[in-house]
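Topology and contacts: notes
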Amino acid sequence: MKSRIQFHLVHVMALCAVLGLLVVGAISLAGTGLAQSKSPANTFNRLLKSPTTAKNAPPAEDGVHDPQNPGTTMLQWPSEAFTEFDKSSDGNQVDWMSILRAGKISPWFEFESQTTEPFLFDLVIVREVKGSMPNVVFPHEAHTQWLDCSNCHDEIFIPEKGANQISMAAILLGQKCGVCHGRVAFPVTDCRRCHAQPKTPEELRALAEKSNWAKTSNTSTDQTAAPDKK
Amino acid sequence: MLGRRTIVRLSLVVAYVLIAVLCVTSLFNDNEAKAEYGDVVINNYSDAAGMRPVVFPHWFHRIRFRCKVCHADLGFKFKAGGNDINMLKIFDGQFCGRCHNNSIAWGVENCVLCHSGVPNMKTRVHNSTSDRLVAPVAK
């Protein structure tokens, strides 16, 4: 009898130890999450893993460089290179556009010549998007600061109004804007950097009138009417 | 000698401790998420040739060159591992070899500066949005 009680005690103590360790782990994880955002439960997309745990980590600690490799310690640290750069909240934690415009970096535009000025093209494209989401504003000027026309046209984007089907799903999977945004250029977690032109009050009112909410609250409206007819 | 029950008890305790350790380490084992944004690991041929995979730091090159220089003038495609680069092409002055030739940048004899990745890593852009999706993209 006594040995049976002891046997159960061992079980209970072991379980407590396991639970205790898990709670400690969870608390410390939550702590790192809290340090980054006020509400880790409500980050942009819960299907994405939590944001980077260490920003601009030195090569030997970044998880991709092998600390055993003799060259790893010879590499420059990102944080070392970024000390004078304007900060941003995502990607490399660097506002690349701002430091380029401010002349803090002067990257070559052409392989053959260090002094060639970029060929800039100042055309802003506004893409109307579904629902109440603000429209997308695409500035060619900022993109031609870095890129050549041939980088995007015609392989990624057909230069014709209405010819390009773009969705956030495609972008998240690395197509269209996602070829760069989400890999090298600023990631898509900051919606308003692209969705920058809010819908007008009239458009928002028209949307509300078309929605089911407006219909169910008004009994005289025909419920079977197609919601999207213009 | 130890009784049968004692052995069962001990093995149960060991099992609990192992489970606990595994749970806690899996919570913290998120090293790849610390990779600098835009770092590309290229492992088309490296592992098979007994070299560490290549880690290409976009941020370092971006300070010095606009995207156009490599992606238009030098012909790098926007695809991790999609350029089929090998050392022969680099010796021949193609791709990385256009600059890494001891005239614009240090030369190819500095193997360990590029071949610096953790062995057996997959070719991809680390820390990218599609990389961070919990459900992996169907290949």
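Residues numbered from 1 in each chain as written. Chains lettered and ligands numbered in written order. Predicted model: local features only at pLDDT ≥ 70, side-chain atom pairs only at ≥ 80, totals over all residues. Heavy atoms only, no water.

A few points about the overall build of chain A
Along its length, chain A carries eight helices and three strands. When burial is assessed residue by residue, chain A has 31% of its 230 residues classed as buried. A sequence separation of at least 24 residues applies to 39% of the contacts in chain A between residues at least 6 apart. Split by element, the accessible area of chain A, about 15,100 Å² in all, is 60% carbon and sulfur. (Helix = DSSP H or I, 4+ residues; strand = E, 2+ residues; numbered from the N terminus. Buried < 20%, exposed > 50% of the residue type's maximum accessible area, 1.4 Å probe, protein only. Contact = heavy atoms within 4.5 Å. Areas by Shrake-Rupley, 256 points an atom, 1.4 Å probe, with all protein chains shown as cover.)

Things to note about the interface of chain B and chain A
Taken residue by residue, the interface counts 61 residues in chain B and 76 residues in chain A. Here chain B packs against chain A, burying approximately 6,200 Å² in sum over the two surfaces, 65% of which is carbon and sulfur. Among the residues chain B hides against chain A, the three largest losses belong to Tyr-37, Arg-62 and Arg-66 of chain B. Together they make up 15% of the total. Where chain B packs against chain A, one counts three salt bridges. Here Lys-68 of chain B ties to Glu-110 of chain A by a salt bridge, and the two come within 3.9 Å at their closest N and O atoms. Taken together, the connections running from chain B to chain A amount to 23 residue pairs in polar contact (both at pLDDT 80 or more). With 11 residues, helix H1 (residues 4–28) of chain B is the largest single contributor of residues to the side of chain B that touches chain A. Among the residues making up the side of chain B that touches chain A, the classes are represented as 34 nonpolar, 12 polar and 15 charged. (Buried area = accessible area lost by both parts, 1.4 Å probe. Salt bridge = Lys/Arg side-chain N within 4 Å of Asp/Glu carboxyl O. Polar contact = N/O pair within 3.5 Å; in protein donor to acceptor, adjacent residues only side chain to side chain. Nonpolar A, V, L, I, M, F, W, Y, C, P; charged D, E, K, R; others polar.)

Overview of the sheet that holds strand S1 (residues 40–42) of chain B
All names here are of chain B. One open sheet accounts for three strands, arranged S2-S1-S3; its pairing is antiparallel. Single-partner strands in this sheet number two, and they are strand S2 (54–56) and strand S3 (124–125). With two bridges joining them, S1 and S3 adopt antiparallel strand pairing. By the bridge assignment, Val-41 is partnered in S3 with Arg-124. (Pairing = 2+ DSSP bridges.)

Describing the pairing of strand S2 (residues 135–139) of chain A
Taken together, the four bridges between strand S1 (residues 124–127) of chain A and S2 of chain A define a ladder with antiparallel strand orientation. Paired with Val-124 of chain A across the two strands is Pro-139 of chain A, which belongs to S2 of chain A.

Re the sheet that holds S2 of chain A
Residues and elements named next belong to chain A. Taken together, the three strands give an open sheet; going across it, the order is S1-S2-S3, and neighbouring strands pair in antiparallel fashion. Both outer strands of the open sheet, S1 and strand S3 (195–197), are each paired with one neighbouring strand and no more. Strand-to-strand twist of the sheet, defined as the mean angle between neighbouring strand axes without regard to direction, takes the value 50°. (Axes fitted to C-alpha atoms, helices over the stretch in contact; angles between N-to-C directions.)

Quick notes on the confidence of the model for chain A
Residues and elements named next belong to chain A. In this model, chain A carries an average pLDDT of 83, and 74% of its residues clear a pLDDT of 70 or more. Scored below 50 in pLDDT, residues 33–38 makes six contacts in the model with residues more than four places away or belonging to other chains. Overall, residues 220–227 carries pLDDT values under 50, and its contacts beyond four positions in sequence, including any with other chains, amount to seven contacts. (pLDDT = per-residue confidence, 0-100.)

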